[in-house]
Amino acid sequence: MALSMLLPRLAGSGTGFARAAAATAAMPATRPAASRSGILSFTRCRRWASSTTSAAPTPEDVNRLKHLRNIGISAHIDSGKTTVTERILYYTGRIKEIHEVRGKDNVGATMDWMDLEREKGITIQSAATYAQWGDTNLNIIDTPGHVDFTIEVERALRVLDGAVLVLCSVSGVQSQTITVDRQMRRYNVPRISFINKMDRAGANPARIIDQIRTKLKIPAAALHVPIGSEDAFEGVVDVLTQRAIYNKGARGEDIVYADVPAHLVDAVQAAREELIATLAEVDDEIGELFIEEKTPTEDQLRAAVRRATIARKFTPVLMGSAIKDKGIQALLDAVITYLPTPTEVKNTMLDIDNNEQVLDVVPYSNQPFVGLAFKLEEGKYGQLTYIRVYQGRLEKGQFAYHVKTGKKVKISRLVRMHSNSMEDVDSVGAGEICALFGIDCASGDTFTDGTVNCSMSTMFVPDSVISLSLTPKDKNSPNFSKALNRFQREDPTFRVHVDSESKQTIISGMGELHLDIYVERMRREYGVDCTTGKPQVAFRETATRRSQFSYTHKKQSGGAGQFGRVIGYIEPIDEDQQAELPHEFVNNVVGGNIPTNYIPACEKGFTDGLQEGFMIGHPIVGVRMVLQDGAAHSVDSSELAFRLAAFHAFRESFKTSNPRVLEPVMTVEVSAPIEFQGSVLGSLNKRKGLIIDTETQEDYCVVAAEVPLNNMFGYSTELRSATQGKGEFSMEYKKHAPVLPNVQEDLIKEHQKKLAEKK
């Protein structure tokens, strides 16, 4: 059969490895064909060793990948992600005792290893670890829930194959849950939903499942029915096996299976029927049985849940209470049963030598090595680089090529991470997550073994939404710039620049907490105390009417003096022309009254005057200077004399041109649940915003407005508090517009006060 005819059949044959793994004998028939297609696609890539790529993966490698899961644990802040991870590590034997996030023993959870995380009781950086459950290896990343640290979630989801979405049994789907859901969709990550905190007062799992369906727009059904709730929560009933599961022992390590309690038999049967009905809508096999009114077996249901979950058409919902040590082992079983192996997830890379053609990654260790650096950390041994090996094998002592720079680097040390401790390993295969030392790179860079020139597509980096000025108390500290450079390399959403006008160092990030954490880290890790403040807004000055000038610059100091006379006028440039023509100099001098060799000096005097305004010291824009006449002296005139004459003439005429101060006006777009529309409109009106448009999208409203940038500081915090953390906003520059007269007076007084202090 021709290869072009075979490929569509392979592409449509379900979930790849899931079906092929059923019969190992089928592996040589399916996988090498995909590998050969890789060879054909990569013909313009650098040298592909055909003997390597065409070979079938070894049975050992197939078995290793079959028993490997890369998962992340994500949720809204305070849903219990880190507590869930702590239990997973305990039950898998990675830690010997459990410590709580805000525990009385002051040790803190294993994955919250930074002092700041333990003090504030929040996760700031995503921490990686690995564990073993049964015969399956797990790479686990615990991610932050706070919206300010959203890049940590982006980085984790970029390299993971599946995720556990933790929801609170009371709060349910919250703002950051919706953000995490959007990120999971962006990177096509299948998820299991885990309703945590079933012991809390007000726990209502049925309402949470309904929220998953309506707010996250994904079909969901419970695999568990809770035995009791709130204080009486004892365990769960597995809907598929129809057995009750209880956690006994000091820390819930002993699992006891029992019959379904009599009072729950009907509820379990109803949950099973609901599961079958939901699966019938998203899975063809169950759909056929449903139409034929046949009852699917336990194995058929389990296979259907797996297929629908990996296809991202469905999310199974489990229940438990991490703090009470209930339901975690069942969650681990579900991770292994329903989340995909590395071979069941389609990853792509770009062929740089072939106009960035999109190619499929072949996730086996006998392929050329391709890995992605997705996270950087500065440790006591230097820069630590986290890498996901997508293809091939990475071994200690081998050389890797940095695709962006073309540099060859030696892998001198290879480690597996467990929170902030590490274990040395000699090699890692495809699908694994590891860390390297001494590699100079940035977050999102690709490494290969040199036989291919391909790049993994990088992760999405959101724009920063807030800025602060930063000034070190000790001006001579070398650690100030060192800390800023390190934080920028670690975190793509943390940006630093020096304002060319105010000469302030401006740091930008995802929120005020985000920036506060970095300021605090500078103090703790580098010993640099800093003061923060609102950055100086980029105001402008302009003329609003025509103004004549006739100025003579005369200076006599013995010998040759200075003389230059200029006559003309200044006028405002039309607003619609200002974008292309911020200022203009026109020479209308006739008769040679000003020698032509002095005209460029006059223009320089005009541009000198534009640099610093005469009202508040900000640049002048939107002004045209027309030079009509003048006078020169045969001895005393010079370029300097005419430059100074034009400068002073411009200054004098600008003062009589009814000058105005302009401020940057931003287009602000706010999205929030419809019930907060009034609060959003009120907050924008309070900041002197002009409402341009309001739009309703299902249960969300989107408000567009034009608001002065000077009034937008602190808005992110105000919006979150006004909308219970569910509101988001984006902001971009639109134009400069005149400030109100009273604001202009205040700005002029403030500028004059600063000048007086300098004297």
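Preceding this section is the structure that the text describes.
Worth saying up front: this structure is predicted, and the values here are computed from it rather than measured.

Visitor: Teacher, can you tell me more about the overall build of the protein here?
Guide: Each helix and strand counted, the protein has 22 helices and 37 strands in total. Taking all 759 residues of the protein together, 54% fall into the buried category. Once local pairs closer than 6 in sequence are excluded, the contacts in the protein between residues at least 24 apart make up 72%. Accessible surface, the protein as shown: approximately 33,600 Å² in total, 48% of it carbon and sulfur.

Visitor: Would you take a moment to explain the packing of aromatic side chains for this structure?
Guide: For any pair of aromatic rings, the description rests on two quantities: the centre-to-centre distance and the angle between the ring planes. Under the defined criterion, the tally for this structure stands at 13 aromatic pairs. Taken together, a centroid distance of 6.0 Å and an interplanar angle of 55 degrees make the contact between F374 and Y386 tilted. On the criterion of sequence distance, the pair formed by F374 in strand β14 (residues 370-379) and Y386 in strand β15 (residues 382-391) is long-range, its members being 12 residues apart. Summarising the burial analysis for this pair, F374 and Y386 share the class buried.

Visitor: What exactly am I supposed to notice about the environment of R545 here?
Guide: Residue placement: R545 occurs in the loop between β29 (540-542) and β30 (547-555). Put simply, R545 and P572 are 27 residues apart on the chain and 6.1 Å apart in space, counted from C-alpha to C-alpha. For R545, the contacting residues outside a window of four places in its chain are I570, P572, T656, S657 and N658. Engagement of the side chain of R545 in a polar contact is seen with the backbone oxygen of T656, the distance being 3.4 Å.

Visitor: Could you clarify how one ought to interpret the sheet that holds strand β12 (residues 348-351) in this entry?
Guide: Backbone hydrogen bonds hold the strands of a sheet together, and the pairing may be parallel or antiparallel. Spatially, the three strands line up as an open sheet ordered β13-β12-β24, and their pairing is antiparallel. Both outer strands of the open sheet, β13 (357-360) and β24 (454-456), are each paired with one neighbouring strand and no more. Strand after strand, the sheet turns through a mean of 40 degrees between neighbouring axes, direction not considered. Pairing geometry for β12 and β13, over four bridges, is antiparallel.

Visitor: Honestly, the pairing of strand β22 (residues 433-437) in this entry has me stumped. Any pointers?
Guide: For a regular strand, side chains alternate in direction, first toward one face of the sheet and then toward the other. For β22, the buried fraction is high: five of the five residues fall into the buried class. The alternating pattern of β22 places I433, A435 and F437 and C434 and L436 on opposite faces, both of which are buried. In the sheet, β15 pairs with β22 via five bridges, with the strands oriented antiparallel. The residue of β22 that forms the bridge with T385 is L436.

Visitor: Before we go on, may I ask you to explain the environment of E603 in this structure?
Guide: Topologically, E603 is positioned in helix α18 (residues 599-611). Classification of E603 as partly exposed rests on a relative accessible area of 38%. Note: C-alpha distance between E603 and R643 (40 residues apart in sequence) is 7.4 Å.

Visitor: Would you explain the pattern of salt bridges in this entry?
Guide: Pairs can form between side chains of opposite charge once their charged atoms are near each other. Under the counting rule described, the total for this entry stands at 28 salt bridges. Residues D325 and R251 are paired through a salt bridge, measuring 3.3 Å at the closest nitrogen-oxygen approach. With D325 in the loop between β11 (315-319) and α14 (328-338) and R251 in the loop between β9 (243-248) and β10 (254-258), this residue pair connects regions lying 74 residues apart in the sequence. For D325, a relative accessible area of 6% translates into the label buried. The closest approach of N and O atoms between R302 and E298, which form a salt bridge, is 3.0 Å. Placement of both R302 and E298 in helix α13 (residues 298-310) is noted, with a separation of four residues, approximately one turn of the helix.

Visitor: Looking at this structure, how should I read helix α19 (residues 639-655)?
Guide: The α-helix advances 3.6 residues per turn, and as a result positions three or four apart in sequence lie on the same side. The end-to-end C-alpha separation of α19 is 25 Å, in line with the 24 Å expected for 17 residues at 1.5 Å each. Every buried residue of α19 is accounted for by A641, F642, A645, A646, H648, A649, F650, S653 and F654. Those residues of α19 hidden inside the fold are in contact with β29, β30, β31 (562-572), α18 and β33 (623-631).

Visitor: I would appreciate a short explanation of the packing of helix α11 (residues 265-282) against helix α12 (residues 284-291) in the present structure.
Guide: Geometry of a packed helix pair, given as the angle between the helix axes and the separation of the axes. At a minimum axis distance of 6 Å, the contact between α11 and α12 shows a crossing angle of 120 degrees. Relative to α12, α11 is oriented oblique. Viewed along their axes, α11 and α12 form a crossing whose handedness is left-handed. Contacts between α11 and α12 involve I276, A277, L279, A280 and V282 from the former and D284, I286, G287 and F290 from the latter. Counted by class, the contact of α11 with α12 contains seven nonpolar, one polar and one charged residues.

Visitor: Could you clarify how one ought to interpret the packing of α13 against α14 in this entry?
Guide: For the pair α13 and α14, interaxial distance at closest approach is 9 Å and the crossing angle is 75 degrees. When the axis of α13 is compared with that of α14, the two are roughly perpendicular. Contacts between α13 and α14 involve R302, V305, R306, T309 and I310 from the first element and I336, T337 and Y338 from the second. Residue composition of the contact of α13 with α14, grouped by class: four nonpolar, two polar and two charged.

What counts and what doesn't
- Residues numbered from 1 in each chain as written.
- Predicted model: local features only at pLDDT ≥ 70, side-chain atom pairs only at ≥ 80, totals over all residues.
- Heavy atoms only, no water.
- Helix = DSSP H or I, 4+ residues; strand = E, 2+ residues; numbered from the N terminus.
- Buried < 20%, exposed > 50% of the residue type's maximum accessible area, 1.4 Å probe, protein only.
- Contact = heavy atoms within 4.5 Å.
- Areas by Shrake-Rupley, 256 points an atom, 1.4 Å probe, with all protein chains shown as cover.
- Phe/Tyr/Trp six-rings, centres within 6.5 Å; stacked < 30°, edge-to-face > 60°.
- Polar contact = N/O pair within 3.5 Å; in protein donor to acceptor, adjacent residues only side chain to side chain.
- Pairing = 2+ DSSP bridges.
- Axes fitted to C-alpha atoms, helices over the stretch in contact; angles between N-to-C directions.
- Salt bridge = Lys/Arg side-chain N within 4 Å of Asp/Glu carboxyl O.
- Expected span 1.5 Å × (residues − 1).
- Parallel < 35°, antiparallel > 145°, perpendicular 65-115°, else oblique.
- Left-handed = near helix turned anticlockwise from the far one by under 90°.
- Nonpolar A, V, L, I, M, F, W, Y, C, P; charged D, E, K, R; others polar.

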